[in-house]
Amino acid sequence: MNLISIFDLTQSDLAWIIERGEELKRARKTLKTGTELAGKTLALIFEKPSTRTRVSFEVAMHELGGNVISLNWNELQLGRGERVRDTAKVLSSYVDAVMIRAYQHDTVVEFANAASIPVINGLTNFEHPCQTLADLMTIKEYKNRFAGITVAWIGDGNNVCNSLIGGAALTGMHMRVGCPLGYAPAAAVLEEAKRMGCEVLITDDAEQAVADADVLYTDVWVSMGDEQERERRERDLSAYQLNEEMVRRAKEDAIIMHCMPVHVGEEITEAVLTSKNSVIFEQAENRLHAQKALLLRLFRD
Ligand code: CP
Ligand code: NVA
């Protein structure tokens, strides 16, 4: 089993991961280490920078009794042009699972097609399914349910947004995206969500998107790999900032989410980031618990 797209998971896989993540979070308060993955090795490959994904996967493996190897793309022969598929075959004979963060989604797909071990997408230009696992765990923690919850995404309809839409479709939440023309989430994701009965409202009116929402979510205007478009993005997205005025239009108990890193003063203000409704740091912590549960699920088969 792989996790390349959030849509790779069934509703029952997802429910299992969230529930197991909650149990692991509770258990960690008294006991940090286990032996569930003793003898297993996970390799992490990074073509782009990472703080949360790298550290949470490393700690997750340590705390489950397994081993982890973190590798930067350019330290590997990949950086000198070795083929992704050859690397996948070789690593499959050394380690038990691989997580890859890559610029192009196709890189992770090629790796998974050639590998004979579970492969996890640790973020591509197209999706960030590991983030969605933590996001769903966080929404359940604060809202106690998914049914009937309205999630409003404000800003760039990017990789994190694509996976979150899948998460909403799998859990029965309503999803709205407030973004400028040209920044909508991927058409293929919207189609798949619709096929599953989740029709996503896409509007360029940010105020319409956030009205009475239960969850407000934003992410950077300039994702890794989009740096050459910085000027245009800052200009186009400037009206899509999660600020106090925007938050006031949502439900009073709406939670504020962001996958981090935050660019304060761009997509979110300091006041909103540090407001009592912000669950952003808890959400970041949940990456650890949700990924432990994911690893247990992947190694179960
Ligand atoms: N949210 C997230 O994936 O953070 P990193 O880029 O720090 O891993
Ligand atoms: N959309 C951001 C998320 C970072 C975790 C990016 O791809 O850079």
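Residues numbered from 1 in each chain as written. Chains lettered and ligands numbered in written order. Predicted model: local features only at pLDDT ≥ 70, side-chain atom pairs only at ≥ 80, totals over all residues. Heavy atoms only, no water.

J.: Which parts of the structure should I look at to understand the packing of helix H2 (residues 52–63) against helix H12 (residues 280–300)?
T.: Pairs of packed helices are described in terms of their axes, by the angle between the two and the distance that separates them. Taken N-terminus to C-terminus, the directions of H2 and H12 make an angle of 50°; their axes are 9 Å apart at the nearest point. Between H2 and H12, the angle is such that the two are oblique. Note on packing geometry: the crossing formed by H2 with H12 is right-handed. The residues of H12 that touch H2, namely those facing Arg52, Thr53, Ser56, Phe57, Val59, Ala60, Met61 and Glu63, are Ala284, Arg287, Leu288, Gln291, Lys292, Leu294 and Leu295. A class-by-class count of the residues in the contact of H2 with H12 yields eight nonpolar, three polar and four charged. (Axes fitted to C-alpha atoms, helices over the stretch in contact; angles between N-to-C directions. Helix = DSSP H or I, 4+ residues; strand = E, 2+ residues; numbered from the N terminus. Parallel < 35°, antiparallel > 145°, perpendicular 65-115°, else oblique. Left-handed = near helix turned anticlockwise from the far one by under 90°. Contact = heavy atoms within 4.5 Å. Nonpolar A, V, L, I, M, F, W, Y, C, P; charged D, E, K, R; others polar.)

J.: Please explain the side chain of Thr124 as it appears in this structure.
T.: Inspection of the secondary structure assignment puts Thr124 in the loop between strand E4 (119–121) and helix H5 (129–143). For Thr124, the residues in contact, after removing those within four places along its chain, are Lys48, Ala102, Tyr103, Gln104, His105, Val108 and Asn159.

J.: I would appreciate a short explanation of the layout of surface pockets in the present structure.
T.: Rolling a probe over the atoms, with the probe sized like a water molecule, indicates the empty space that remains. Its volume calculated, the largest pocket comes out at about 380 Å³. If you list the elements that add at least two residues to the lining of the largest pocket, you get H2 and helix H6 (159–171). For the second largest pocket, the calculated volume is near 280 Å³. In terms of lining, the second largest pocket is formed by 18 residues, of which the most central are Asn125, Asp156, Asn158, Asp226 and Arg233. Residues belonging to the lining of the second largest pocket are distributed by class as follows: four nonpolar, 10 polar and four charged. (1 Å grid on protein atoms, 1.4 Å probe; cavity = no way out; pocket = protein on both sides within 12 Å on 5 of 7 lines; lining within 4 Å. Points joined across faces, edges and corners; volume = space filled by probe spheres on them.)

J.: It is not clear to me how the pattern of salt bridges should be interpreted in this structure. Could you clarify?
T.: One side chain can pair with another of opposite charge once the charged atoms of both are near each other. For the structure shown, the criterion picks out 23 salt bridges. Here Lys143 ties to Asp253 by a salt bridge, and the two come within 3.6 Å at their closest N and O atoms. Of this pair, Lys143 sits in helix H5 while Asp253 sits in the loop between helix H10 (244–247) and strand E9 (255–258), and the two are 110 residues apart along the sequence. The class for Lys143 is buried, based on a relative accessible area of 10%. Here Asp226 makes a salt bridge to Arg233, at a shortest N to O gap of 3.4 Å. Taking the relative accessible area as the measure of exposure, Arg233 reaches 8% and is therefore buried. One connected set of salt bridges, linked through shared partners, spans Asp156, Asp226, Glu229, Arg232, Arg233, Arg235 and Asp236. (Salt bridge = Lys/Arg side-chain N within 4 Å of Asp/Glu carboxyl O. Buried < 20%, exposed > 50% of the residue type's maximum accessible area, 1.4 Å probe, protein only.)

J.: Help me understand the sheet that holds E4 in this model?
T.: Hydrogen bonds along the backbone pair up the strands of a sheet, which may run parallel or antiparallel. A sheet is described by the order of its strands in space; here four strands give the open sequence E2-E1-E3-E4, paired in parallel fashion. Whereas interior strands pair on both sides, the edge strands pair on one side only; in this sheet they are strand E2 (67–72) and E4. Each strand axis lies, on average, 20° off the axis of its neighbour in the sheet, ignoring direction. Bridge count for strand E3 (residues 97–101) against E4 is three bridges, and the pairing is parallel. Each bridged residue has a counterpart across the sheet, and for Met99 the counterpart in E4 is Ile120. The sheet contacts of H2 involve strand E1 (41–46), E2, E3 and E4, and relative to E1 the element is tilted by about 175°. (Pairing = 2+ DSSP bridges.)

So yeah, pure geometry; function would need other evidence.
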